[in-house]
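The chain contents come next:
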Amino acid sequence: MAEAISVVKDGDVVMIGGFGSSGIPLELIEALRRHGPKDLTIISNNAGVAEEGIASLLRDGMVRKVVCSFPRSRGSVWLQRRFREGSIEFELVPQGTLGERIRAAGAGLAAFYTPTAYGTRLAEGKETRLFNGRGYVMETALHADVALIRGEKGDAWGNLTYNTAGRNFNPSMAMAARITIAEVKQIVEVGDLDPESVVTPGIFVDTVVLQEGLINATA
Amino acid sequence: MAEAISVVKDGDVVMIGGFGSSGIPLELIEALRRHGPKDLTIISNNAGVAEEGIASLLRDGMVRKVVCSFPRSRGSVWLQRRFREGSIEFELVPQGTLGERIRAAGAGLAAFYTPTAYGTRLAEGKETRLFNGRGYVMETALHADVALIRGEKGDAWGNLTYNTAGRNFNPSMAMAARITIAEVKQIVEVGDLDPESVVTPGIFVDTVVLQEGLINATA
Amino acid sequence: MQRLDTEGMARRVAQDIPDGAYVNLGIGMPTQVANYVSGDRHVIYHSENGILGVGPAPAPGEENPDLINAGKQFVTLLPGGCYFDNADSFAMMRGGHLDIAVLGAFQVSSTGDLASWATNDLSEPPAVGGAMDLAVGARRLYVLMKHCTRDGEPKILTECEYPLTGKGVVDRIYTDLAVLEVTPRGLQVLELVAGNTLAEVQAVTGTRLLPPPA
Amino acid sequence: MQRLDTEGMARRVAQDIPDGAYVNLGIGMPTQVANYVSGDRHVIYHSENGILGVGPAPAPGEENPDLINAGKQFVTLLPGGCYFDNADSFAMMRGGHLDIAVLGAFQVSSTGDLASWATNDLSEPPAVGGAMDLAVGARRLYVLMKHCTRDGEPKILTECEYPLTGKGVVDRIYTDLAVLEVTPRGLQVLELVAGNTLAEVQAVTGTRLLPPPA
């Protein structure tokens, strides 16, 4: 885990999968915290709660910028504190736009036009355009240096499955980063995963690490 | 099958899944041919071979326009004949752009910028733009009235699985049409499909019909 | 005036969820609508984090931390449901595949503008989640909210004062006092809660209401 | 001059496919490269129609009409392989996830322009398939083709005469006479097939070749 995470360097853009308590690579985040790079840009749906996950990176002063859609889950105190003191940059992106920008990066597209946020404050300063009389906002691809994701089972080729709603941003983030590291509950032999049920093909994943049980699985 | 296909009307845009021999809804195409609407626009990767599939629609004079990426499989004689006699419109789209335009329609996006075809004849007349110094072509969403797709197993909610590489354009087309009709080899009880292995969620599918064995399955 | 309580409001919306609908229920009061949809109606609930066929809360001890809804509550999956990633989930929302979304709101305008994600308080980090995607994407967008704020200020206005979630996106408003339809001519009263008059409801509304159809 | 036959050309490309690579092999001659990649190298083949881990042809009678490669030939899946749809498959291609693509070509220019999908014959419906997506997306694009046409005309030119598949996309050209690298200074000879001189190869090439590195 520690070795895998050592690829993250000061100033890197790091995507972190998960939604609420679901599908978060908590052990990789803890390994990242211990590794201790500075000036990170964190792209994730939420911003961690209490002292957990992304909140611990914010607490430890490792984060320069946060890009997310919903940083106000109950107990997101560290994001609030850093925001109020003005010590981080903060970019708010509607959830679907965030996911689609991540997918665009993974799929080699530069930008796209979405109707989401047209006519709202979140489209201010962005290019807009009418198609068939309807307003759309141009949004650009969002790339990362490293993606930290969580799967359920993984094999040595990097093929992954997920647990129920644990997919959320994980499959798209795997595509959008130069280096993707997946934390999984179980590592299986190559060929053991049903080829019809692989959700993230191994081509998108560089390193698969087994959860070490460092963190309470229900946290 | 005949009842399901009766929603297709003269002048409709019809997407048809499949790639080569793989994942083609041959029975739905045959039902469409017997139903006999005129002036159809057909969106599909290929254009049928011999007297089969889309070729039979071209032969019977039901097609006004073909949008595809690879109409020159060995034996695509009806497309060639209609093209040479100038009796159809023909739009050639790179395969990835075709798929992405279909996905964009299903995902509610109006357009996107792809590097594919930049600087080539297939980008002529299209808007282009540089992002980070690289050239991209703007491509717009491709919608349909009806999509005809083929799955392996389906249930009454419209959830679908596929057989091996039989997915190809089928999942995206299911999202991009007002009405999606899926031909499947087997209909199972709701709840019998593994929720982790459903490829096309039922929300994208309007009607699931069982193959009647009218067409040789290996055709 | 006669006011529906939360249950009454959720029950009223539930009446209008038809058989076979794909429905997204927003965080908070809208989530309760599912409790009152008649069991003989087959309704499939979507959760933005990647679920179709959301079922009730699990029995204590049966919670799966990965299996939550958009409000981060533990849920279950009904037979016939399935899982998918963010990209597919928001394709469903933005692409017009959901029949109905029910959202809460701070304010709604007479032209169907929705303000539900931010006040004018800039001291807190703003949060938007999937509300803007639902607003533009759902075929029918229903707002479920109290008619007025706690302080008695109208929430239904000629123009929203708070930042918009979407412009001209709301189809219908269900409040504790009335059901209103957004029409090209303005906000039309569809129903008044029994015992209330149009004049009474108009008096606590910040824009002109059109009388119910004759 | 000494010319490699098809097998010799495919063998030569195969030498340059490294262990662990994700590789897409184009229709026709490029497909044969897989036959000569050493068995101790773990190479994963991608097929645009939605396969990673493409294996050899099935035994007669074992064909699955849904399990074909981009050339519409029946194939098998190796353990560890998987299936996906067109959108994901072309995300892999366009998004820069494939290490190497090997394509055939009609013509290649000294600046790496590729012409592989259409001649100037307008009487036939043109076909492009996935070639343009591979051309822009693969990290390394190798062209495998004969050095000249059947009529002896050069296919390596200062500028392509046929419609382009992509501009400045080719990294390396493997022919029956030589291996050439596209560099900012022009086409550099990496290797000559044994027995041929630079002057001989230059004579059948439509653009200036840079001599091999000392």
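Within an unreviewed UniProt entry, the label attached to chain C reads 3-oxoadipate CoA-transferase, and the organism entered is Marinobacter daqiaonensis. Turning to chain C, the UniProt record has this under Pathway (unreviewed entry): "Aromatic compound metabolism; beta-ketoadipate pathway; acetyl-CoA and succinyl-CoA from 3-oxoadipate: step 1/2."

Asker: Where do I start with the sheet that holds strand β10 (residues 207-210) of chain B in this structure?
Answerer: The strands making up a sheet associate through backbone hydrogen bonding, with each pair oriented either parallel or antiparallel. All names here are of chain B. Strand order in the open sheet made by the seven strands is β4-β3-β2-β1-β8-β9-β10, with parallel pairing throughout. The outermost strands of the open sheet, each flanked by one partner alone, are β4 (89-92) and β10. Adjacent strand axes in the sheet meet at a mean angle of 20° when their direction is disregarded.

Asker: What should I look at first to understand the interface of chain A and chain C in this one?
Answerer: In many reports, interface size means the accessible area that the parts give up when they come together. Listed as interface residues are 46 residues of chain A and, on the opposing side, 37 residues of chain C. Taking both partners together, chain A and chain C bury about 3400 Å²; carbon and sulfur atoms supply 58% of that area. Together, A:Phe19, A:Arg121 and A:Thr164 form the three largest contributors to the area buried by chain A at its contact with chain C, with a combined 17%. Across the salt bridge formed by C:Asp66 and A:Arg150, the nearest N and O atoms sit 2.5 Å from each other. Top contributing element to the side of chain A that touches chain C by residue count: helix α5 (residues 95-107) of chain A, with six residues. Its residues assigned to classes, the side of chain A that touches chain C comprises 16 nonpolar, 22 polar and eight charged.

Asker: Any chance you could explain the pattern of salt bridges here in plain terms?
Answerer: Pairs may arise between side chains of opposite charge once their charged atoms sit close together. For the structure shown, the criterion picks out 57 salt bridges over all chains. Salt-bridge contacts for A:Arg82 lead to A:Glu85; the nearest nitrogen and oxygen are separated by 2.7 Å. Residue class for A:Arg82 comes out buried when judged on its relative accessible area of 15%. The partner of B:Arg129 in a salt bridge is A:Glu127, and the shortest N-O contact between them spans 2.4 Å.

Asker: Please explain the sheet that holds strand β7 (residues 114-115) of chain D as it appears in this structure.
Answerer: Residues and elements named next belong to chain D. Strands sit in the order β7-β6-β9 across an open sheet of three strands; the sheet is mixed. The sheet terminates laterally at β7 and β9 (156-157), the two strands that pair on one side only. Bridge count for strand β6 (residues 107-109) against β9 is two bridges, and the pairing is parallel. When the sheet's bridge partners are listed, serine 109 is paired in β9 with leucine 157.

Asker: Would you explain unusual backbone geometry in this entry?
Answerer: Trans is the prevailing form of peptide bonds, just as negative phi is the prevailing case for residues other than glycine. Residues and elements named next belong to chain A. Phi at alanine 117 takes a positive value of approximately 80°, unusual for a residue other than glycine. With a phi angle near 45°, threonine 164 is a residue other than glycine that sits in the positive phi range. Summarising the element assignment, threonine 164 is placed in the loop between β8 (144-154) and α6 (170-176).

Asker: Explanation requested: helix α5 (residues 95-107) of chain B in the structure shown.
Answerer: Residues spaced three or four apart along an α-helix face the same direction, because each turn holds 3.6 residues. Residues and elements named next belong to chain B. With 13 residues, α5 should reach 18 Å at 1.5 Å per residue; the first-to-last C-alpha distance of 18 Å fits that figure. Among the 13 residues of α5, 13 are classified as buried, and the element is accordingly described as predominantly covered. With its phi angle positive at about 75°, glycine 108 sits one or two positions after the end of α5.

Asker: Where do I start with the environment of D:Arg208 in this structure?
Answerer: Residue and element names in this part refer to chain D. Following the sequence through the fold, arginine 208 ends up in the loop between α4 (198-203) and β13 (209-210). Considered as a pair, arginine 208 and glutamine 73 are 135 residues apart in the sequence and their alpha carbons are 39 Å apart. Beyond its immediate chain neighbours, meaning those up to four positions away, arginine 208 contacts Leu187 and Gln202.

Cut-offs applied
- Residues numbered from 1 in each chain as written.
- Chains lettered and ligands numbered in written order.
- Predicted model: local features only at pLDDT ≥ 70, side-chain atom pairs only at ≥ 80, totals over all residues.
- Heavy atoms only, no water.
- UniProt positions renumbered as here; feature names shortened; annotations may be inferred.
- Pairing = 2+ DSSP bridges.
- Helix = DSSP H or I, 4+ residues; strand = E, 2+ residues; numbered from the N terminus.
- Axes fitted to C-alpha atoms, helices over the stretch in contact; angles between N-to-C directions.
- Contact = heavy atoms within 4.5 Å.
- Buried area = accessible area lost by both parts, 1.4 Å probe.
- Salt bridge = Lys/Arg side-chain N within 4 Å of Asp/Glu carboxyl O.
- Nonpolar A, V, L, I, M, F, W, Y, C, P; charged D, E, K, R; others polar.
- Buried < 20%, exposed > 50% of the residue type's maximum accessible area, 1.4 Å probe, protein only.
- Expected span 1.5 Å × (residues − 1).

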